[in-house]
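# Chain and residue survey
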Amino acid sequence: MREKKFPVDDRQKLADAIRGAQVAAADRSDVVIDMKEADLARIEILAQDLKPVFDDVPTDDLQWDFAISTGLQPRLWIDATSHVMMGRDRRTYRFVRDTRLGRIVVAESTEVGPVSDAVTNYIAERIVERQRMMEGERISLRPLGISTGSEIEETFGSGQSSAPSHAIAQSAVTPGRSALNDAVTVVTWFLIGALAGAGALLAFFWDRLAQFF
């Protein structure tokens, strides 16, 4: 096959077009990088304002993230379902939360203060909810009637530890005795039924058996 030849002018036009496209792509990349850095700087300002709040949260409360993601759209993550990001105007802080019904905007402002207060209130509400869940009534999963060693000691004292031990031993023996009583009862009723059946058969065949006597 013969290679298709382009005139020199056409080649020059193509090269200029490629160079122009490369310059435009570089300009767009610079704009994106500049916008990302600007958003990241504003997010870091908010994070610095909230740092005292983050430091006051109990360390054993593992539901919080308190981290900045540096992707195409920087975000300040509060927990797994809520974060702060910048709006389309690159000046508005937007505190959003993901729910089962979709994403909701908790707070929105061009100033750091109102958004920082909204995040603080959200953290406080979640901490109170966790405390209420942890302080609920404890329900024992042990079978009723079986006491632990600490409960026996608290109830009877160290000088009367033999009485609870005897009660536990008796409760352990009781199921065996109950099973033995049930077996005796079953055997007794079986014998009674067998005797009653034998008597009925004897009465039914008495006329036939009488001739042999």
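Definitions and limits used
Residues numbered from 1 in each chain as written. Predicted model: local features only at pLDDT ≥ 70, side-chain atom pairs only at ≥ 80, totals over all residues. Heavy atoms only, no water. Helix = DSSP H or I, 4+ residues; strand = E, 2+ residues; numbered from the N terminus. Polar contact = N/O pair within 3.5 Å; in protein donor to acceptor, adjacent residues only side chain to side chain. Contact = heavy atoms within 4.5 Å. Expected span 1.5 Å × (residues − 1). Buried < 20%, exposed > 50% of the residue type's maximum accessible area, 1.4 Å probe, protein only. Pairing = 2+ DSSP bridges.

Quick look at the side chain of S109 now. Relative to the helices and strands, S109 is located in strand β5 (residues 102–109). At 3.1 Å, the side chain of S109 forms a polar contact with the backbone nitrogen of E111. Discounting chain neighbours no more than four positions away, the residues touching S109 are R91, T92, Y93, P114 and V115.

Between its terminal C-alpha atoms helix α2 (residues 112–134) stretches 33 Å, which fits the 33 Å expected from 23 residues at 1.5 Å a residue. Those residues of α2 lying buried are V112, V115, S116, A118, V119, Y122, I123, R126 and I127.

Turning our eyes to something else, we now look at the pairing of strand β2 (residues 75–79). For β2, a buried count of four out of five residues is recorded, marking the element as mostly surrounded by other parts of the structure. Relative to β2, strand β1 (residues 64–69) runs antiparallel, the two sharing four bridges. When the sheet's bridge partners are listed, I68 is paired in β2 with L76. Sheet analysis places β2 next to strand β3 (residues 82–86), joined by three bridges and oriented antiparallel. Of the residues in β3, the one forming a bridge with R75 is M85. Connecting β2 to the antiparallel partner β3 that follows it, the hairpin turn spans two residues.

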